[in-house]
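Descriptive analysis of the structure
For reference, the chains in residue letters:
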Amino acid sequence: MRRLLCGLCLAALFACQALATPQESEVRAAVVANFINYLEYPEAVAPPSADPQICVAGRGESADALLALDGRTFYGRRLQVTSRLHPASLGGCRILFIGDTAMRSTSEWLRGVAGQPILTISEQEDFLPAVGMVLLATQGRRTVFDINLAALRHANLKLSTKL
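Remember, predicted model here, so these are calculated numbers, not experimental data. (Residues numbered from 1 in each chain as written. Predicted model: local features only at pLDDT ≥ 70, side-chain atom pairs only at ≥ 80, totals over all residues. Heavy atoms only, no water.)

With 28 residues, the main nonpolar core has Leu 66, Ile 95, Leu 119 and Ile 121 as its most contacted residues. Elements with a minimum of two residues in this core: α2 (24-34), β2 (53-57), α3 (61-67), β6 (95-98), β7 (119-122), β8 (134-139) and α5 (149-154). (Core = buried A, V, L, I, M, F, W, Y, C linked by side-chain atoms within 4.5 Å. Buried < 20%, exposed > 50% of the residue type's maximum accessible area, 1.4 Å probe, protein only. Helix = DSSP H or I, 4+ residues; strand = E, 2+ residues; numbered from the N terminus.)

Turning our attention to the pattern of salt bridges. Applying the stated rule across the entire model yields three salt bridges. The partner of Arg 28 in a salt bridge is Glu 24, with the nearest N and O atoms 3.0 Å apart. With a gap of four residues between them, Arg 28 and Glu 24 both fall in helix α2, about one helical turn apart. In this structure Arg 28 comes out as buried when scored by relative accessible area, which is 8%. On the basis of relative accessible area, Glu 24 is assigned to the partly exposed category, the value being 40%. (Salt bridge = Lys/Arg side-chain N within 4 Å of Asp/Glu carboxyl O.)

So, on to the environment of Leu 135. Tracing the backbone shows Leu 135 in strand β8. Exposure remark for Leu 135: the relative accessible area of 12% places this residue in the buried category. In sequence terms Leu 135 and Ile 147 are 12 residues apart; their C-alpha atoms lie 6.5 Å from each other. Among residues more than four places away in sequence, those in contact with Leu 135 are Ser 122, Glu 123, Gln 124, Glu 125, Phe 127, Leu 128, Val 144, Phe 145 and Asp 146. (Contact = heavy atoms within 4.5 Å.)

If you want it as structure tokens, here you go:
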């Protein structure tokens, strides 16, 4: 009986530890949300005190985790995270995350934001060559990102040196 009780306690402990460990999609969503703090937008577009709006095109684990952040406070600012169905509906967006199963093609979303100060982020491998700005990837057990600086400059966006 004592062994069974110890076994159950150990199983519960391991289950709690597994629950406490964030999923990769949750880590990626937090990385996307944190980009707000390291980007410098043209002042006329995004006053520093404005609540950031993140738009999500498509679905997928990371897109769903990002949508779950809607209404949460990051560094004193309330995040607004909304799903968008068409590139013409991106007014007010500061970041566009293109999920795995977007109804429209990645190139259609990127054409829709071309020249606008909207940071584009995705996990799709062909994203940077398609003029995307930030590609999220996994390296071992870590979430990493690659940045297309030319695409950032074209959108009149700058990265903080603190990144």
